[in-house]
Amino acid sequence: MTFEVPDLPYDYSALEPYIDEETMRIHHDKHHAAYVNMLNGALEAAGIEGKTVKELITDLDSVPEAQRGAVRNHGGGHFNHSLFWEVMGPVNGEMSSELNAALLDAFGSLDDFKAKFQTAAMTRFGSGWAWLCSVNGKLEICSTANQDNPIMGSEYGGCGKTPILGIDVWEHAYYLNYQNLRADYVTAFFNVVNWAEVSKRYSETL
Ligand code: MN
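The following refers to the structure shown. Everything quoted here is computed from the prediction, not taken from an experiment.

## Points about the coordination of the manganese ion
Logical step 1: Coordination sphere of the manganese ion, protein contribution only: His 27 (NE2), His 81 (NE2), Asp 168 (OD) and His 172 (NE2), at 1.9 to 2.1 Å.
Logical step 2: Donor residues for the manganese ion sit on one chain with the sequence pattern H-x53-H-x86-D-x3-H. Here His 81 is found in helix 3 (residues 65-86), whereas its partner Asp 168 is found in strand 3 (residues 162-168), with 87 residues between them in sequence.
Logical step 3: According to the relative accessible area criterion, His 81 is buried, its value standing at 0%.
Logical step 4: Note on Asp 168: relative accessible area 0%, which makes it buried.

Put into C-alpha cells, the structure is as follows:
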C-alpha cells in the first residue's frame, strides 16, 4: 500500500482572495505530491508497509536509520499537509462550545489566541509550522521546524501533543501572493479556518 495525495475538499480557488488558486495548485499538486512520492520511495527502500503515516512519524525509531530522515521529512510533510487542507475551507464553519470554552480558558479571548498563534507563526525562523495543540483538552500553541509535527517524539522536534490546527509558514505556502509578507498571510489565514473541522479534531482529544 502506497500513500496518495488526498483530494482537496474544496476547489483550488475556494480560499480566494486569502489564498490564491495558483498557490493552492502548486502547493497541493506539486509540493504535497513530492512529499508523498519521496515517502513512498523511502518506505519501499526500507521494506516497510501496512503502517499509517501517523504510526510512522510517531515511531521513527522503528524506521531503519538509512531512511529515518526521509520518513521524518516526507512522512511529516504528508501528515502536515493532509491536516492543513482539512482545517481550511471557504466558510469558517461553526466552533463547538467545548472548543470555544477551551480557547477562552487557555488564552482569555479569541483575539488573544489569534495574537499568540500569529506570534508563533511569525517567530518560526525559516520553514516550519505553527500549531494549536490539545493535551487532554487543554490547549497550547507551539511551532515546529521543517516538516516536523508536535506528535513526533522530542528527539525529532515534537512534543507529544496533538495538533488540531496548523498553519504552513514555508514560503511556498504564501510567496506568490504575499511575497515576503508572512504577517499578512498569517492574518488572512483566520478567514479560511474551518472551525467545525478544528472542533471535531478537538473533541477527539477529550
Ligand atoms: Mn507546504
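Moving on, there is more to tell.
## Focus on the pattern of salt bridges
Logical step 1: All told, the structure shown has six salt bridges when counted by the stated rule.
Logical step 2: One salt bridge in this structure joins Arg 201 and Glu 86, with 2.7 Å as the shortest N-O distance. Of this pair, Arg 201 sits in helix 8 (residues 195-203) while Glu 86 sits in helix 3, placing them 115 residues apart in sequence.
Logical step 3: Under the relative-accessibility criterion, Arg 201 is labelled buried at 19%.
Logical step 4: On the basis of relative accessibility, which here comes to 34%, the residue Glu 86 falls in the partly exposed class.
Logical step 5: Of the charged contacts in the structure, one is a salt bridge between Glu 197 and Arg 201, with a shortest N-O distance of 2.8 Å. Remark: Arg 201 and Glu 197 occur in helix 8; sequence separation between them is four residues, near one turn of the helix.

How each quantity is defined
- Residues numbered from 1 in each chain as written.
- Predicted model: local features only at pLDDT ≥ 70, side-chain atom pairs only at ≥ 80, totals over all residues.
- Heavy atoms only, no water.
- Donors = N, O, S within 2.8 Å, 3.2 Å for Na, K, Ca; no water.
- Helix = DSSP H or I, 4+ residues; strand = E, 2+ residues; numbered from the N terminus.
- Buried < 20%, exposed > 50% of the residue type's maximum accessible area, 1.4 Å probe, protein only.
- Salt bridge = Lys/Arg side-chain N within 4 Å of Asp/Glu carboxyl O.

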